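Secondary and tertiary structure notes
The chain contents come next:
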Amino acid sequence: MSNIKVLIADDHAVVRQGLKHIIERDSGISVIGEAENGNEVLERVKVLEIDVILMDIEMPEKNGMETLAHLKISNPNLPVIILSIFAEEQYGLRLIQSGASSYLSKTCPPSQLLEAIHKVANGGKYITSSLGELLVKNMDNEANKPIHESLSNREYQIFFMIASGKKQ
């Protein structure tokens, strides 16, 4: 793939600009669009030729989980990298199992982000070593899973918000 076309989805303009700056240092990748929320992502996908979506999990209107679910129905082969402040233990496994091609922390080095974009654009999955360990551990402990891990994505999201003390 000669030039990977990326859509950046994050509700913070400064984050989108920072990601764009990092991504465009790689001559093989270009940012062809931005979105502030999940609804905008779904609209951009209809009109732009996108190779990879780089998306935050916490966005207004439609969050990353909801948007990913819609994308996997409408564009099942479109790679989505989730870039989040939440630890891999909180959402990483769930999002990979829901169809994300990668889950990265916003604290990852820029080189890792670029490597992930190249890998998923070429049909692969990019899994960090710590998330890989979680995946293997999850397979080993399938029978002994805590009850909260059997919740739907939306139930889990609400459970997480309640546990975090959020009211809405």
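The structure this text deals with has already been given above.
Here is what the cut-offs are and how they apply
- Residues numbered from 1 in each chain as written.
- Predicted model: local features only at pLDDT ≥ 70, side-chain atom pairs only at ≥ 80, totals over all residues.
- Heavy atoms only, no water.
- Axes fitted to C-alpha atoms, helices over the stretch in contact; angles between N-to-C directions.
- Helix = DSSP H or I, 4+ residues; strand = E, 2+ residues; numbered from the N terminus.
- Parallel < 35°, antiparallel > 145°, perpendicular 65-115°, else oblique.
- Left-handed = near helix turned anticlockwise from the far one by under 90°.
- Contact = heavy atoms within 4.5 Å.
- Nonpolar A, V, L, I, M, F, W, Y, C, P; charged D, E, K, R; others polar.
- Pairing = 2+ DSSP bridges.

Quick notes on the packing of helix α2 (residues 38–47) against helix α3 (residues 64–74)
- Contact pair α2 / α3: the axes reach a minimum separation of 9 Å and the direction vectors enclose 20 degrees. By the angle between their directions, the pair α2 and α3 is classed as roughly parallel. Crossing geometry of α2 relative to α3 is assigned as right-handed. Contact residues: G38, V41, L42 and V45 in α2; T67, H70 and L71 in α3.
- The residue makeup of the contact of α2 with α3, split by class, is four nonpolar, three polar and no charged.

Some details on the sheet that holds strand β3 (residues 52–55)
- Across the sheet, five strands lie side by side as β2-β1-β3-β4-β5; this open sheet has parallel pairing. Of all strands in the sheet, those with a lone pairing partner are β2 (29–35) and β5 (102–105), marking the two edges. Each neighbouring strand pair of the sheet contributes to a mean axis angle of 25 degrees, computed without reference to strand direction.
- Where strand β1 (residues 4–9) and β2 come together, six bridges link them in parallel fashion. Bridge pairing in β2 links I4 to I29.
- Across the sheet, helix α4 (residues 88–97) touches β4 (80–84) and β5, and the angle it forms with β5 is around 160 degrees.
- Together, β1, β2, β3, β4 and β5 form the strand contacts of helix α5 (residues 110–121), whose direction differs from that of β5 by roughly 175 degrees.

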